[in-house]
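Per-entry structural report
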Amino acid sequence: MILNPGILSLFAASLLTAIMVLYATLHGVQILRHWDLSSGSEAQLVLERKTYLVATVLSYFLAFQLVSLFLFIVTADNIHHLFVGAMCAVGTLTATPLGYPTLLLKCAGFLLAGLWLVFNHADSLGYDYPLIRTKYLLLLLLAPLLVAEAVLQGGYFLGLTPDIITSCCGSLFSPASRGIATEIANATPLPMLGIFYLSSALTVGCGLRLAGSGSGGGTFALVSALQLVVALVALVSVISLYIYQMPSHHCPFCILQREYGFVGYPIYLAILAAAVSGIGAGWLQRYRNVASLAPELPYLTRRLALVSVSAVLLLAAIVTGYVVFTGFTLR
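Observations concerning the overall build of the protein chain
Within the protein chain, the secondary structure is distributed over 11 helices and 0 strands. For 331 residues, the compact-globule formula gives about 20 Å, and the C-alpha radius of gyration of the protein chain, at 22 Å, lands near that figure. Across its three principal directions, the C-alpha atoms of the protein chain cover 65 × 50 × 30 Å. Across the protein chain, the fraction of contacts at a sequence separation of at least 24, relative to all contacts at a separation of at least 6, is 76%. Accessible surface computed for the protein chain: about 15,100 Å², of which carbon and sulfur atoms make up 70%.

Section: the packing of aromatic side chains
Evaluation of the coordinates by the stated rule reveals 11 aromatic pairs. Judged by centre distance (6.0 Å) and plane angle (55°), the ring pair of Phe 72 and Tyr 156 falls under tilted. Taken as a pair, Phe 72 in helix H2 (residues 42-78) and Tyr 156 in helix H5 (residues 132-158) lie far apart in primary sequence, 84 residues in all. Considering the side-chain rings of Phe 262 and Tyr 265, the 6.4 Å spacing of their centres and the 40° angle between planes classify their relative orientation as tilted.

Brief notes about the pattern of salt bridges
When charged atoms on two side chains of opposite charge get close, those side chains can pair. Counting across every chain of the model gives 2 salt bridges. Two residues, Glu 149 and Lys 106, come together in a salt bridge whose shortest N-O distance is 2.7 Å. With a gap of 43 residues between them, Glu 149 in helix H5 and Lys 106 in helix H4 (residues 99-124) connect regions that are remote in the sequence. Side by side, Glu 149 and Lys 106 carry an identical accessibility label, which is buried. One salt bridge connects Asp 123 with Lys 135, and the closest N-O pair in it is separated by 3.1 Å.

Some words on a nonpolar patch on the surface
Taken together, the side chains of Val 29, Leu 137 and Leu 140 define a hydrophobic patch exposed on the protein surface, amounting to about 220 Å² of accessible area. With respect to the helices and strands, the residue Val 29 is situated in helix H1 (residues 5-34).

Notes on H1
For H1, built from 30 residues, the straight-helix expectation of 44 Å at 1.5 Å per residue is met to within 8% by its first-to-last C-alpha distance of 43 Å. For H1, the N-terminal capping position is held by Asn 4, with its side-chain oxygen 2.8 Å away from the main-chain nitrogen of Gly 6.

Details of the environment of Thr 134
The residue Thr 134 is located in helix H5 in this model. For the pair Thr 134 and Gly 216, spaced 82 residues apart in sequence, the C-alpha to C-alpha distance is 21 Å. Excluding its chain neighbours within four sequence positions, the residues that come into contact with Thr 134 are Phe 119 and Tyr 287.

Some thoughts on the environment of Leu 330
For Leu 330, the position within the fold is in the segment after helix H11 (297-325). Judged by its relative accessible area of 18%, Leu 330 is buried. Placed 89 residues apart in sequence, Leu 330 and Leu 241 show a C-alpha to C-alpha distance of 8.7 Å. In this view, Leu 330 contacts Pro 189, Leu 190, Val 238, Leu 241 and Tyr 242; residues no more than four positions away in its chain are not counted.

Remarks on the environment of Gly 216
With respect to the helices, strands and loops of the structure, Gly 216 is situated in the loop between helix H8 (189-213) and helix H9 (217-244). Residues Gly 216 and Cys 206, 10 residues apart in the sequence, show an inter-C-alpha distance of 7.0 Å. The contact partners of Gly 216, leaving out residues within four places of it in the chain, are Arg 209 and Gln 285.

Thoughts on the nonpolar core
A general feature of soluble globular proteins is that nonpolar side chains tend to end up buried together. Core analysis: the biggest nonpolar cluster contains 98 residues, and Phe 253 and Leu 284 have the highest contact counts within it. With 13 residues, the single largest contributor to this core is H9. Not counting the four nearest positions on each side in its chain, Leu 284 is found in contact with Val 118, Phe 119, Ala 122, Leu 131, Leu 297, Leu 300, Thr 301 and Leu 304.

What counts, and at which threshold
- Residues numbered from 1 in each chain as written.
- Predicted model: local features only at pLDDT ≥ 70, side-chain atom pairs only at ≥ 80, totals over all residues.
- Heavy atoms only, no water.
- Helix = DSSP H or I, 4+ residues; strand = E, 2+ residues; numbered from the N terminus.
- Rg over C-alpha atoms; globule rule 2.2 N^0.38 Å.
- Contact = heavy atoms within 4.5 Å.
- Areas by Shrake-Rupley, 256 points an atom, 1.4 Å probe, with all protein chains shown as cover.
- Phe/Tyr/Trp six-rings, centres within 6.5 Å; stacked < 30°, edge-to-face > 60°.
- Salt bridge = Lys/Arg side-chain N within 4 Å of Asp/Glu carboxyl O.
- Buried < 20%, exposed > 50% of the residue type's maximum accessible area, 1.4 Å probe, protein only.
- Patch = residues over 30% accessible without salt bridge, like charges linked within 9 Å, V, L, I, M, F, W, Y side chains within 5 Å.
- Expected span 1.5 Å × (residues − 1).
- Polar contact = N/O pair within 3.5 Å; in protein donor to acceptor, adjacent residues only side chain to side chain.
- Core = buried A, V, L, I, M, F, W, Y, C linked by side-chain atoms within 4.5 Å.

Everything listed here is a matter of geometry and, on its own, says nothing about what the molecule does.
What follows is the structure, given as structure tokens:
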């Protein structure tokens, strides 16, 4: 294994997070089976005291889980020079078969952890723990994913040795290669750009409707999930071409490097923030009739919807800046 501060930090954080999530899941199973707020039994009182402590500690670990996605990508990019043939994080991630599965699990973990934090905050607004069963059911989905991520990440880093010969991003996204990355890169650029703007406009419209009238939450959640997929496909197939000003460079990781102004970080942050806040806002609207949440939930839902809309507009502004103000044109 390569000894690197980022790798050691990810190792320690993933191990501690997995342990904490497993403990919280065991507590969540007890809540799902025995929670009864109308009961004054000693067992219920113990559950109420423990759930506040567990949720508070777990929130810190899951907040770091959000950060760990970017730390993982930054670490992979920073050590690419150790591998023959690597030009960016693509080479590092292809150095062992576990690289991209780990990244996919981290992306899924980011989305679910973000949603759990949204639900935990909403639950804290009610005096009777109105969303406690919902958030622990969500934790049951999140726990095995985070444990699997910790295992795969450990196997991935343990398998890295400097003598590995890997490939660059040009070979991964070349027409000669096969796989989903090539299929995405080969999507017709200009129609894909139009789909991106159409999806962005639809997301903004649904978000403003939810923020203004408090209706359309389910539609906004679905549109936000669709916008996540469209934005990622468009980034690889067409947006990256304007950033690199090259007709054949589709890498989604080189945009994180200095020569491109680290523009990848605000792009990815906007994409993920729009998805988490948009899906969270739409999902929370289902609980608008819960009495203990009635005073606070509309404000929280409106704020999340506006965060999602702002993130989509930021992403569209960045893309438009490259499309309009660079000398690169697609034909």
